[in-house]
Amino acid sequence: MDFSAAPHPPEQKVSSEEVPPLNQPPPFSPNPIFYNGAGEIRSGWRILMYLSLVFFLYALEFIAVAVFDQRRDLHVISRIIFDELMTFAAAFGAALIISRLEYRTSGLYGLPLHSAFGKRFWQGMFLGLCEISFLVGAMKLLGSYSFGGLSFHGARIIQWALLWLVASVLIALAEEFLFRGYVQYTLAQGIGFWPAAVILSLLFGLIHRPNPGENWVGVVNIIFTGLLWAFTLRRTGNLWLAVGWHAAFDFGESFLYSVPNSGGVFEGHLSNATIAHGRTWLTGGDVGPEASLFAFVTLAIGAIVVHFWFPAEPKTPS
């Protein structure tokens, strides 16, 4: 039978409006509690993740040290070096991990490796030595400081100088990165640079309050010091100037001029220096020169020096 001649049914045209839509998921709507308007995780949550990672890494280090019992027989200076190295390793290591998650370079957080111990660091060392020398010099001129005799001689001077230099640099690296590194960078994205710097400088000062011998004048000075070093970050774009400044000031207090540092007097100081009693407004008393009223003068001078030595980059017209 020939079916070719059979009539075909008429084709029915289907409107595109009648085609059922595909089962597509609804567009992603970020929760405003966790995400900002740009779709990024909010600064507070990122800081919380970072600090959790810092504590986790530090706990791993602490367990490893406890297992191998590496700190039991160390001298005080060696313990300081060991502890500050652990703190900085945890803080910077956590930032390296976070930088991969955020698709950013770790240098954005304040310590670019290509600038490590370069020009800015040594400029900071110069400023830090100038500041502590000015303070101790003022105390000497007003009859409130005596260098005294050397605590040791010969090769031991070089040995202790190197130990205190290493310790001071590690203290500076740990404290500067914790208070003006990743946390400063991330918090500034949420609330602005200077509000973040004020909050973190307040914490920077208050964390020193439990130190034996520390007082509120010293704490206030540390707060303003934190703001000054935040200013160096703002002007230079990284923390290396602040690290050098911080390290040199601590080195000058603890070793070179042998005066109290945040209420502490440690082993290995260069001389048997003495500070006159009864003039704490000048000497800082048991706290050290950072609690001297002159210390606020040096901070103001330091801010002026930074302002003119490291001028702000001109804003490009939009």
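Residues numbered from 1 in each chain as written. Predicted model: local features only at pLDDT ≥ 70, side-chain atom pairs only at ≥ 80, totals over all residues. Heavy atoms only, no water.

Quick notes on the confidence of the model for the protein chain
Phase 1 of the analysis: Mean pLDDT over the protein chain stands at 89; residues scoring 70 or higher make up 87%.
Phase 2 of the analysis: Of all helices and strands in the protein chain, the one with the weakest mean pLDDT is helix α9 (residues 280-283) (90), whereas helix α6 (residues 193-206) scores best (98). (pLDDT = per-residue confidence, 0-100. Helix = DSSP H or I, 4+ residues; strand = E, 2+ residues; numbered from the N terminus.)

Some words on helix α2 (residues 76-102)
Phase 1 of the analysis: Between its terminal C-alpha atoms α2 stretches 39 Å, which fits the 39 Å expected from 27 residues at 1.5 Å a residue.
Phase 2 of the analysis: One or two positions beyond α2, positive phi appears at tyrosine 103, with a value near 55°. (Expected span 1.5 Å × (residues − 1).)

A word on helix α1 (residues 43-68)
Phase 1 of the analysis: The first and last C-alpha atoms of α1 sit 38 Å apart over 26 residues, in line with the 38 Å expected at 1.5 Å per residue.
Phase 2 of the analysis: When we look at burial in α1, the residues that qualify are Ser43, Arg46, Ile47, Tyr50, Leu53, Val54, Leu57, Glu61 and Val65.
Phase 3 of the analysis: Against the buried residues of α1 lie α2, α4 (155-180) and α5 (182-191). (Buried < 20%, exposed > 50% of the residue type's maximum accessible area, 1.4 Å probe, protein only. Contact = heavy atoms within 4.5 Å.)

Side note on unusual backbone geometry
For residues that are not glycine, phi is negative in most cases, and the peptide bond is trans in most cases.
Phase 1 of the analysis: Even without glycine at this site, phenylalanine 117 takes up a positive phi of about 55°.
Phase 2 of the analysis: Structurally, phenylalanine 117 can be placed in the loop between α2 and α3 (119-141).
Phase 3 of the analysis: In this model, serine 258 sits at a positive phi of 55°, which is unusual for a non-glycine residue.
Phase 4 of the analysis: Tracing the backbone shows serine 258 in the loop between α8 (240-256) and β2 (274-275).

What about empty space enclosed by the protein?
Phase 1 of the analysis: Applying the stated criterion to the full structure yields one cavity of 30 Å³ or more.
Phase 2 of the analysis: Around the largest cavity sit Glu253, Ser254, Ser258, Val259, Asn261, Gly264, Val265, Phe266 and His269, which together line it.
Phase 3 of the analysis: In terms of residue class, the lining of the largest cavity is built from three nonpolar, five polar and one charged. (1 Å grid on protein atoms, 1.4 Å probe; cavity = no way out; pocket = protein on both sides within 12 Å on 5 of 7 lines; lining within 4 Å. Points joined across faces, edges and corners; volume = space filled by probe spheres on them. Nonpolar A, V, L, I, M, F, W, Y, C, P; charged D, E, K, R; others polar.)

A look at the pattern of salt bridges
Phase 1 of the analysis: Within this structure, the stated rule accounts for three salt bridges.
Phase 2 of the analysis: Measuring nitrogen to oxygen at the nearest pair gives 3.0 Å for the salt bridge that ties glutamate 102 to arginine 46. Residue glutamate 102 is found in helix α2, and its partner arginine 46 is found in helix α1; the two are separated by 56 residues along the sequence. Exposure class is identical for glutamate 102 and arginine 46. Each is buried. (Salt bridge = Lys/Arg side-chain N within 4 Å of Asp/Glu carboxyl O.)

Considering the packing of aromatic side chains
Phase 1 of the analysis: Overall, the coordinates contain 17 aromatic pairs when judged by the stated rule.
Phase 2 of the analysis: Ring centres of phenylalanine 117 and tryptophan 240 lie 5.1 Å apart, and the angle between their planes is 55°; on these two criteria the pair is classed as tilted. On the criterion of sequence distance, the pair formed by phenylalanine 117 in the loop between α2 and α3 and tryptophan 240 in helix α8 is long-range, its members being 123 residues apart.
Phase 3 of the analysis: Here a set of aromatic residues connected by ring pairs shows up, and it is made of Tyr50, Tyr109, Tyr182 and Tyr185.
Phase 4 of the analysis: The side chain of arginine 180 reaches across the aromatic face of phenylalanine 204, ending 4.5 Å from its centre.
Phase 5 of the analysis: When the ring centre of phenylalanine 193 is taken as reference, the NZ or CZ atom of arginine 234 above it lies at 4.6 Å. (Phe/Tyr/Trp six-rings, centres within 6.5 Å; stacked < 30°, edge-to-face > 60°. Lys NZ or Arg CZ within 6 Å of the ring centre and 35° of its normal.)

Re the environment of leucine 108
Phase 1 of the analysis: Position of leucine 108 relative to the elements: it lies in the loop between α2 and α3.
Phase 2 of the analysis: For leucine 108, a relative accessible area of 44% gives the class partly exposed.
Phase 3 of the analysis: Between the C-alpha atoms of leucine 108 and tyrosine 185, which are 77 residues apart in sequence, the distance is 7.8 Å.

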